Amino acid sequence: MGTCLVKEGVISQEQLDQALEKQKASPNKEDSLSKILVRDGHCTEDDIARVTAKRAGGSYITLDSITIDPAAVATMPVTAFKKYKALPVAFDGDKLVVAMKYPDNIVAIDDLQIMTGFDIKPVVVPDSELEAAIEKYSRVGLDFEYLNDEEQQEENINIETDDQTSRPAVQIAHMILDQAVGSRASDIHIEPYETYLRVRFRIDGVMHDMMQLPRKIHASLVSRIKIMASMNIAERRIPQDGRMSLTIEGKPIDARVASLPASFGERLTLRLLDRSAKIISLEELGMAPEMLRRYRQVLDLPYGCILATGPTGSGKSTTLFASLATLDKVAKNVITVEDPVEYRMESVNQVQINTRAGLTFASGLRSILRSDPDIIMVGEIRDQETAKLAIESALTGHLVFSTLHTNDAAGAVSRLTEMGIEPFLTSSALACVLAQRLARVLCPNCKEPYEIDRRQLERVSGFPLAENETRVKLYRPVGCMRCGNTGFKGRIGIYELLFNTETIQKMALERKSASDIKKAAIAEGMVTLRQDGLDKVKKGITSLEEIMRVIV
């Protein structure tokens, strides 16, 4: 290497001779010739890397100029990083791009090909960058355990002691799960296509492309995850469900796994739930102070039905559990029936439905009523029988919480009628309906203020404008390291609270439409989803575009 540096004119022969003398005399045997040349200021690490790449017939890159692909890193056991002074950084077609200190080491390249199952394309990077990256990725994913629920193992299996961790699929599976938890993802989607495998995460309710893997890793990766979730790896023609318990970076994580046969092979969806996450309090949900005060009054009622409505993933269950957390669970008998049990609450009897065994929402609710409950929570009203039992339970002295899929609060009243519930039952049993959506919160570290003209905002129906405001200061997303360059971090609830007043009761009895009920509720002071969302835009909590995205 020293001779090559001289030939390239990077250093002189005299400087090389001096460095060689120092290397011989150095008590520190780890002092390489390159370190001595850089330390003495004769050349830089970049110079040495460029010459090394030229000598080996490879490419020179800097790790700062590329994005290291976690899936590529995961193809190699962490023990091999330091052994071979090599780090996989990307895929180039079916080849694995590996940053190597010694790119002309044929034996090492052959070992890495056997180990990873990929053809190796060596590249050269500056020594300090390679050492820092190896140190960083040697630590990633090591604190990772998984527990097979069906086998009821007493101790989790740690990937450091798992004898299969040398397989690329095992490393990639661990890396995907590790990165998903670090990114606060709620779902992982592994989707095969004709020439590649795509991995996407759902973060704060929005899908993000995270990595693309070579197509040939698909079968082994799917099999690995199915084994972890106690699913049948030999059956690829029909959908399957499984679950697993994980410990990642000290966090206990439950993962529900669903497989689905698609055009180019099985796709997997993993729903992640952090069991260590505390239940959010009512104050943290994002309700306006006046709305929260009035909602607390409803929670103090001895009986009645409280419905949370909204599309899938709008935070209905979170709101109901935050509501249950405020109640006196010592003096009251609280029983829930859910599918599945996601949040585990102390002093609450939680029942998970099992349709195969005949335990449905309706049969579970019927059994609960024979267990002397004070407060009942039904995960979802899906059919007429469940709806009728929930409403009748509210009439017979129980406080009932449940969820319903409607676009707004007023729609819940007419939906119950459409499901075959007599209006006189609905009007008597219903306490309130809380419609909601989830909007992403602007990252406080990078959100950018801007001013918008009043005339533009007047086109946005319902935007709260003061009489003397000509220009309004709003905020928009930018993106930084803290928010993963999305511009958003976390989510907040957007709410619409409809109380079952005398007017609403009368309209329910008359079978009025949802739009008529909504107009009457607004006349009585109800704040709509749109108004609540636009209030949060004006306060700088979220962006105008985000509210337009989540609220029709």
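Our subject in this report is the structure included herewith. (Residues numbered from 1 in each chain as written. Predicted model: local features only at pLDDT ≥ 70, side-chain atom pairs only at ≥ 80, totals over all residues. Heavy atoms only, no water.)

## Overview of the sheet that holds strand β3 (residues 95-100)
What counts is decided by this rule: Any two strands are treated as partners once DSSP identifies two or more bridges connecting them. For helices the rule is a DSSP run of H or I covering at least 4 residues; for strands it is a run of E covering at least 2, with both sets numbered from the N terminus onward. Only heavy atoms enter the contact rule, under which two residues are in contact if any of them lie within 4.5 Å. Lines fitted to the C-alpha atoms define the axes, with helices restricted to the stretch that makes contact. Angles between their N-to-C directions range from 0 to 180 degrees.
Taking strand neighbours across the sheet as the criterion, the 4 strands line up as β1-β4-β3-β2 in an open arrangement whose pairing is mixed. The two strands at the open ends of the sheet, each matched to only one other strand, are β1 (59-60) and β2 (86-92). Examined bridge by bridge, β3 and strand β4 (residues 119-124) share 5 bridges and lie parallel to one another. Bridged to Lys-95 within β4 is Asp-119. Each of β2, β3 and β4 is contacted by helix α7 (residues 106-116), which is oriented at about 130° to β4, the strand it contacts most.

## Remarks on helix α15 (residues 409-418)
The periodicity of an α-helix, 3.6 residues per turn, causes residues three or four places apart in sequence to face the same way. Selection rule: The buried label applies to any residue whose accessible area, calculated with a 1.4 Å probe on protein chains only, is under 20% of its type's maximum; exposed applies above 50%, and partly exposed to all values in between. A 3.5 Å cut-off defines polar contacts: any pair of N or O atoms within that distance qualifies, except that in protein one atom must be a possible hydrogen donor and the other a possible acceptor, and neighbouring residues in sequence count only when both atoms are side-chain atoms.
Extensive coverage of α15 is indicated by the burial of 8 of its 10 residues. Ala-409, Ala-410, Gly-411, Ala-412, Val-413, Ser-414, Leu-416 and Thr-417 are the residues of α15 that are buried. If you check the start of α15, you find a side-chain oxygen 2.9 Å away from the backbone N of Gly-411, and it comes from Asp-408. Of the residues one or two after α15, Gly-420 is the one with positive phi, at around 100°.

## Let's talk about the state of the cysteines
Formally: In this description, the term disulfide denotes a pair of cysteine sulfurs within 2.5 Å.
Summed over all chains, the structure comprises 0 disulfides. No disulfide involves Cys-43; its sulfur sits 13 Å from the nearest other cysteine sulfur, which is in Cys-4. For Cys-43, a relative accessible area of 6% puts it in the buried group. Looking at the unpaired Cys-432, the closest cysteine sulfur is the one in Cys-305, lying at 8.8 Å.

## Some words on the packing of α15 against helix α19 (residues 514-523)
The line we're drawing: To sort the angles, those under 35 degrees are grouped as roughly parallel, those over 145 as roughly antiparallel, those from 65 to 115 as roughly perpendicular, and the leftovers as oblique. Crossings are sorted by hand: turned counterclockwise from the far helix by less than a right angle, the near helix makes the crossing left-handed, and turned clockwise it makes it right-handed. All residues other than Ala, Val, Leu, Ile, Met, Phe, Trp, Tyr, Cys, Pro, Asp, Glu, Lys and Arg, Gly among them, are scored as polar; the first ten of these are nonpolar and the last four charged.
At their nearest, the axes of α15 and α19 sit 8 Å apart, and the two run at 135° to each other. Regarding the angle of α15 to α19, the classification is oblique. Seen from above, α15 lies across α19 with right-handed handedness. Facing α15, whose interface residues are Ala-410, Gly-411, Val-413 and Ser-414, α19 presents Ala-514, Ile-517 and Lys-518. The residue inventory of the contact of α15 with α19, partitioned by class, reads 4 nonpolar, 2 polar and 1 charged.

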